[in-house]
Amino acid sequence: MSKPLLEVKGLTKAFGGVIAVSEVDFHLNEGEIVAVIGPNGAGKTTLFNMITGVLPPTSGQVFFDGKEVTGNQPYQIAKAGITRTFQNLQVFENMSVIENVMTGVHCRLKTGFLQAGLRLMGVKREEQQAFDVAMSCLEKVGIADLAFEAAEVLPYGNQRLLEIARASASSPKLILLDEPMAGLNPQESRQLVDIIKKKREEGMSFLFVEHDMETVMGISDRIVVIDYGKKIAEGTPAEIYENEKVIAAYLGTEEEEEAI
Amino acid sequence: MNHSKVSELYNRHYGGLFLFIAALVIVPFVANSFLLSVLILVGLYGIVTTGLTMLMGYAGQISLGHAAFYGIGAYASAVMTGTYGMPGIVGILVGVAFAGTVAVLIGIPTLKLKENYLALATLGFGIIIFTFFKELKEITGGLNGFFGIPSFNLFGFAFDTDLKFYFLIWALLIVGILFSKNIIDSRVGRALRSIHGSDVAANSIGVNIQQYKLKVFVLSAVYASVAGSLYAHYVTFINPNLFTAMESITFLIMVVIGGSANIWGGMIGAIVYVLLNELLKEVVPMFFPNVGGEFQIVFFGILLVAILIYMPQGLAPTLGKVWRRLAGRKNKKAAVTGPPNADATVGGSKS
Amino acid sequence: MELTSQFIQLIFSGLTIGSIYALVAIGFVITYNITGVLNFAQGDFAMLGAMLAITFVSMDMPMGLGIILSIGIVVLVGGIFERTAIYPARNASLPTLIIITLGVAIAIRGFAILIWGTQPRSLPPFTENNPINVLNAVLLPQSIWAVGISLVSLIAMHYFFNKTFIGKAVTACVVNRSAARLMGIKPEWMSFISIAVSAGLGAIAGIIIAPISGATYEMGLMIGMKAFVAAVIGGLTNAPAAIIGAFMIGILESFTEGLWTSGYKDAISFALLLIVLFFMPNGLFAKASGKRV
Ligand SMILES: Nc1ncnc2c1ncn2[C@@H]1O[C@H](COP(=O)(O)OP(=O)(O)OP(=O)(O)O)[C@@H](O)[C@H]1O
Ligand SMILES: [Mg+2]
């Protein structure tokens, strides 16, 4: 592979006086699973928000698939092939489970207002297509039997899986997962690891934020560490494991936590 | 392992609808002229509120300015047919073009705003348009009103009796509802509802939320404008006071009563509102003999609050159950017309 | 009338009406800061205050007493409104809450029609109302009352929120709920206090404007809307900016009316609202902030 799939250069975000992310550079190659780790408030979510267009960066650039996508709207970035899940769940509570995922197929379909309103030819076929894709996504995460339930009644863990199914419905090249294991029990976590691995075999790449070190060390090809908005280390799990800066950053926060 | 089909997802069985249409056809022949005129009013309101339901119930955007679009349709038809003697259809089309354009111009900046501000901006916009109706006296007749709007004429056929008009309006309403329902049960409908559910998630999976909000706003404006055009032909006399902020709020009340997350909710709300309104006009003066003006709003205000607190889904889901029983349909697994357990409330994602 | 005196005249009437808007706008700001909701019934509290005062005075009650009683009743109404309509729906989505306040607004309006009918009514001026001549412009004592009372009320509000225990608790609650709890204040009551206090401010506004422009059941809508515009100019959270906004609107209105036409007076204010919303959605004086995900 010559060019990286995702490349982030000097990405910076300031909220008023607070610099949440500062001059972060890293890249992700096609088919890779890369973890972003760092203490609470390090700027991981903000980094994700900038990559997916939810927040405009203060400075810096994002390249995806060889094209610059800096400052694009989230829906444009989704069309280009990056989707995501959210740390604070953002399930569509006003829909059924399957409809949530069918909405994820949105950018692969074409039906517009007039076509839908008149139910012209093609609408029915697209509906079937969206349904089938959504169903198979639900099957892959193992909640197909809940397809017709209202999304809001799903337990927390299943809502996380639902977000992943929704994010994968448009067959993006890259999925960003923001703390996918948070709130999952060990069995669900293992299941999720399997899902990610399987999807990678299908050619999807992952960038994810996670606090659970076992998972991070277990599935990432590389790890990017940020602290106070700055990238302090990058490397394979083994390298990160021994990196002093990382250890200091983590021990540092633990001490702080104990002090409280 | 899963044998479900897409056809199980949305209730697209129309047995009940045929019954309903049959009832609609019979009613005018047993109704007296007063009831007929009331039903015409219901149908006109129903067209507006169906559009508004798309905007508020599904896409989650509040509008407190739809009387403006209703008024634009009414004045467009009044001026085109009354002043210039054009055919009725021209009036409607001019109204639609005008309302649609205004909706785009006002929608682009307004729909970026958060809930609080959106309500405010649309209310302010409605008052501005009202001012134009009032002040552009050469065109609209100002506060004196616009007299002598001819009856609606379509390709040589004059809708000059209440009975004919009744069929016109209700046919249009049913078509409007079906058109909306088709939209809701599709990619577009899911996109709209996803904005309501979580705008940031919708955006992040590829829904161009600004564009969808704008389009549904325009659609609802067009519904309101068409209803306004026909309203002008029906009453033959209009004045700006028919298109005040209070009228916009009235539309909203109907949507909430009916149930904003149900495509039949707008129509149900219009029926309940108009009938209740007529009832109150009869009953209240018995207790307050000197009462004048729109005293009924005290009841609708209280009703609005009570429904939002105790029955936030409105009447539609309950009525839907009764209707399905009457129509003798088995309650299928996924046979819900609206979104399942649609977010109880009107508009906006929870933050 | 020569130009400068006309100018001064317009400034006078702008300040008078601006002071009314300021009171109602501060009510918005207080409620918005504490509950996060735009209270569409705010203007109708002004109407209610005016109508009650007119009724009491017409019953030969001494004016001062009638006014105080009216304000008291409106505060009570505000409190009841919060308990019966806002509190039970406190977990509903924002648009639902907005529509609830709208429902209360029209309920109050309809109630006024039932009790007082649709005819305009008026309150006698607080004192002898012989025009005073200032720089060739005419100044009515009632205008001085209006501006004076509203300034005193605004200062009192400032004192209440920054110096008294309850006021400080309310303010603390905006910043930090658990801190307020530690002070022994239930955050749930903050919404009650804020709406009751804003209702009182609204009532004062209605009462001081009633001798100048009369009172009708529907006066609340326009007063409320104009005050909204003022509050939005201040970004909804900034009280001094809202007051400045209120006087700006008042003066803009009186100049539109005096130099052009009264017909477009309302449209101009709302055009200003739309302009502010479009270009500075966080107000003229505010910094941007975004929702977090
Ligand atoms: N919308 C915002 N406005 C202002 N400040 C923000 C905003 N979003 C994040 N911040 C600040 O930016 C910093 C980084 O926050 P961020 O959510 O990116 O951290 P994080 O690494 O994801 O933390 P966590 O592990 O707790 O999820 C924090 O100090 C946070 O308070
Ligand atoms: Mg985070």
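Calculation criteria
- Residues numbered from 1 in each chain as written.
- Chains lettered and ligands numbered in written order.
- Predicted model: local features only at pLDDT ≥ 70, side-chain atom pairs only at ≥ 80, totals over all residues.
- Heavy atoms only, no water.
- Contact = heavy atoms within 4.5 Å.
- Buried area = accessible area lost by both parts, 1.4 Å probe.
- Helix = DSSP H or I, 4+ residues; strand = E, 2+ residues; numbered from the N terminus.
- Nonpolar A, V, L, I, M, F, W, Y, C, P; charged D, E, K, R; others polar.
- Near = heavy atom within 4 Å.
- Polar contact = N/O pair within 3.5 Å; in protein donor to acceptor, adjacent residues only side chain to side chain.
- Core = buried A, V, L, I, M, F, W, Y, C linked by side-chain atoms within 4.5 Å.
- Buried < 20%, exposed > 50% of the residue type's maximum accessible area, 1.4 Å probe, protein only.
- pLDDT = per-residue confidence, 0-100.
- Pairing = 2+ DSSP bridges.
- Axes fitted to C-alpha atoms, helices over the stretch in contact; angles between N-to-C directions.

1. Comments concerning the interface of chain C and chain B
Next, step 1: Listed per partner, the contact involves 49 residues of chain C and 53 residues of chain B.
Next, step 2: Of the roughly 4000 Å² buried between chain C and chain B, counting both surfaces, carbon and sulfur atoms make up 80%.
Next, step 3: A per-residue breakdown of the area chain C buries against chain B is headed by Ile99, Ile106 and Leu114 of chain C, which together make up 16% of the total.
Next, step 4: The element contributing the most residues to the side of chain C that touches chain B is helix α4 (residues 94-116) of chain C, with 16 residues.
Next, step 5: Tallied by class, residues from the side of chain C that touches chain B come to 36 nonpolar, ten polar and three charged.

2. Section: the site of ligand 1
All names here are of chain A.
Next, step 1: With respect to spatial proximity, 14 residues lie near ligand 1, and among them Gly41, Lys44, Thr45, Thr46 and Gln87 are the closest.
Next, step 2: The backbone of Gly41 places a nitrogen or oxygen atom 2.8 Å from an oxygen atom of ligand 1.
Next, step 3: Between an oxygen atom of ligand 1 and a side-chain N or O atom of His211, the distance comes to 3.1 Å.
Next, step 4: Per element, the largest residue contribution to the shell around ligand 1 is three residues, and it comes from helix α1 (residues 44-51).
Next, step 5: Broken down by class, the residue content of the shell around ligand 1 amounts to three nonpolar, eight polar and three charged.

3. A few points about the nonpolar core
Next, step 1: Formed by 216 residues in total, the largest nonpolar core has its most connected members in Phe69, Trp170 and Ile238 of chain B together with Phe40 of chain C.
Next, step 2: Counting residues per element, this core draws most heavily on helix α10 (residues 209-235) of chain B, at 16 residues.
Next, step 3: If we ignore the near neighbours within four places in the chain, the residues touching Phe69 of chain B are Ala99, Val102, Ala103, Ile106, Phe125, Phe217, Ala221, Ala224 and Ser225 of chain B.
Next, step 4: Within the second largest apolar cluster, 53 residues are counted, among which are Leu146, Ile164, Val225 and Val246 of chain A.

4. Examining the confidence of the model for chain A
Next, step 1: Residue-level pLDDT values for chain A average 90, and 95% of them are 70 or greater.
Next, step 2: Contacts from residues 254-260 of chain A, a stretch scored under 50 in pLDDT, to residues over four places away or in other chains number two contacts.

5. Concerning unusual backbone geometry
Residues and elements named next belong to chain A.
Next, step 1: A positive phi angle, close to 55°, is found at Asp65, a residue other than glycine.
Next, step 2: As for its position among the elements, Asp65 is in the loop between β4 (59-64) and β5 (67-68).
Next, step 3: The phi angle at Tyr228 is positive, at roughly 45°, despite the residue not being glycine.
Next, step 4: For Tyr228, a relative accessible area of 63% translates into the label exposed.

6. Quick notes on the sheet that holds strand β9 (residues 222-227) of chain A
Through backbone hydrogen bonds, the strands of a sheet pair up, either in parallel or in antiparallel fashion.
All names here are of chain A.
Next, step 1: Pairing is mixed in the open sheet, where six strands are placed in the order β6-β7-β8-β3-β9-β10. The outermost strands of the open sheet, each flanked by one partner alone, are β6 (82-84) and β10 (230-235). With direction set aside, neighbouring strand axes in the sheet form an average angle of 20°.
Next, step 2: In terms of strand pairing, β9 meets β10 through five bridges, oriented antiparallel. Looking at β10, one finds that Ile226 is bridged to Lys231.

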